[in-house]
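# An overview of the molecular structure
One-letter residues, chain by chain:
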Amino acid sequence: FCGRTGTYEFQGARYEVTVENRDKNQEIPVNCYTKWFDYDKIKQGMVLRNRKPGDYLANGAGSHKKLKDYFIDQKVPREDRDRMILLADGNHIMWAVGMRISEEYKVTEQTKRILKIHMKNMEE
């Protein structure tokens, strides 16, 4: 969906996507199924998908971790890993839905535009 606002469906869930300017004193709440990203750090465009070889997350201090290793560390059962929904910018995983976001896309004081993605069940 390449950062366009709107509603998208993927694997039985609906995703509401908005892009908004960041207010100087805006607090970013903690929510398992709503995430906020620094929109201007997205390089290749975003896509909702399942995992692929070469996927990774940024885990701070300029280092990366293979998605496979992250799933192992988080004790995600092997049979569930291929079904995990991911928001990806190329092979860089922005968000393992229901889990964490990549450190590289987190909103900071320097963020000018925020990409907000909220996942809803299809029944909502």
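Here the structure is a predicted model, which means the values were calculated and not measured.

## So, the nonpolar core
Core analysis: the biggest nonpolar cluster contains 17 residues, and Tyr15, Phe37, Leu87, Met94, Trp95, Leu115 and Ile117 have the highest contact counts within it. For this core, the elements supplying multiple residues, two or more each, are strand S2 (13-21), strand S8 (92-96) and strand S9 (113-121). Sequence-distant contacts of leucine 115, defined by excluding residues within four places in its chain, comprise Val17, Thr18, Val19, Lys35, Trp36, Phe37, Tyr39, Ile42, Met46 and Met94. Tyr70, Phe71, Ile93 and Ala96 belong to the second largest nonpolar core, which has 10 residues in total.

## Here we look at the layout of surface pockets
Each pocket or cavity is described by its volume, and for the largest pocket that value is around 210 Å³. In terms of lining, the largest pocket is formed by Ile28, Pro29, Val30, Asn31, Thr34, Lys35, Trp36, Ile101, Lys106 and Val107. Among the residues forming the lining of the largest pocket, the class breakdown is six nonpolar, two polar and two charged.

## Quick look at the packing of aromatic side chains
Tallied over the full model, the rule gives two aromatic pairs. When the centroid spacing of 6.0 Å and the interplanar angle of 45° are considered together, the rings of tyrosine 70 and phenylalanine 71 count as tilted. With respect to burial, tyrosine 70 and phenylalanine 71 carry one shared label: buried.

## A few points about the side chain of arginine 81
On the secondary structure map, arginine 81 appears in helix H2 (residues 78-81). Although arginine 81 is buried, it forms no salt bridge, and the closest oppositely charged side chain is glutamate 79 at an N-O distance of 7.5 Å. Aside from chain neighbours lying at most four places away, what touches arginine 81 is Arg51, Phe71, Ile72 and Val76.

So, how was this worked out
- Sequence positions are assigned chain by chain, starting from 1 and proceeding in written order.
- Side-chain atom pairs in this predicted model are given and counted only at pLDDT of 80 or more, local residue features only at pLDDT of at least 70, and totals for whole chains, interfaces and linings cover all residues.
- The side-chain values count all of the structure's non-hydrogen atoms but skip hydrogen atoms and water molecules.
- Among the buried residues, those of types Ala, Val, Leu, Ile, Met, Phe, Trp, Tyr and Cys that are joined through side-chain atoms within 4.5 Å form a nonpolar core.
- Buried, partly exposed and exposed residues are distinguished by accessible area as a fraction of the type maximum, computed with a 1.4 Å probe on protein chains only: under 20%, between the cut-offs, and over 50%, respectively.
- Under the DSSP-based scheme used, a helix requires at least four consecutive residues in state H or I and a strand at least two consecutive residues in state E, with every element numbered from the N terminus.
- Whether two residues are in contact is decided by their heavy atoms, any of which lying within 4.5 Å being enough.
- Cavities and pockets were defined on a 1 Å grid built from protein atoms only: a cavity is a group of points that admits a 1.4 Å probe but offers it no way out, a pocket is an open group of points flanked by protein on both sides within 12 Å along at least five of seven lines, and a lining residue is one with an atom within 4 Å of any such point.
- Grid points are joined across faces, edges and corners, and a volume is the space filled by probe spheres set on the points.
- For this scheme, ten residues count as nonpolar: Ala, Val, Leu, Ile, Met, Phe, Trp, Tyr, Cys and Pro. Four count as charged, namely Asp, Glu, Lys and Arg, and the remainder, Gly too, count as polar.
- Only the six-membered ring of Trp is used, alongside the rings of Phe and Tyr, when aromatic pairs are assigned; centres must lie within 6.5 Å, and planes under 30 degrees apart are stacked while those over 60 apart are edge-to-face, with the rest tilted.
- Charge convention: Lys and Arg are scored as positive, Asp and Glu as negative, and His as well as the terminal groups of each chain are ignored.
- What makes a salt bridge here is a side-chain nitrogen of Lys or Arg within 4 Å of a carboxyl oxygen of Asp or Glu, nothing more.

Read these as spatial facts, not as claims about activity.
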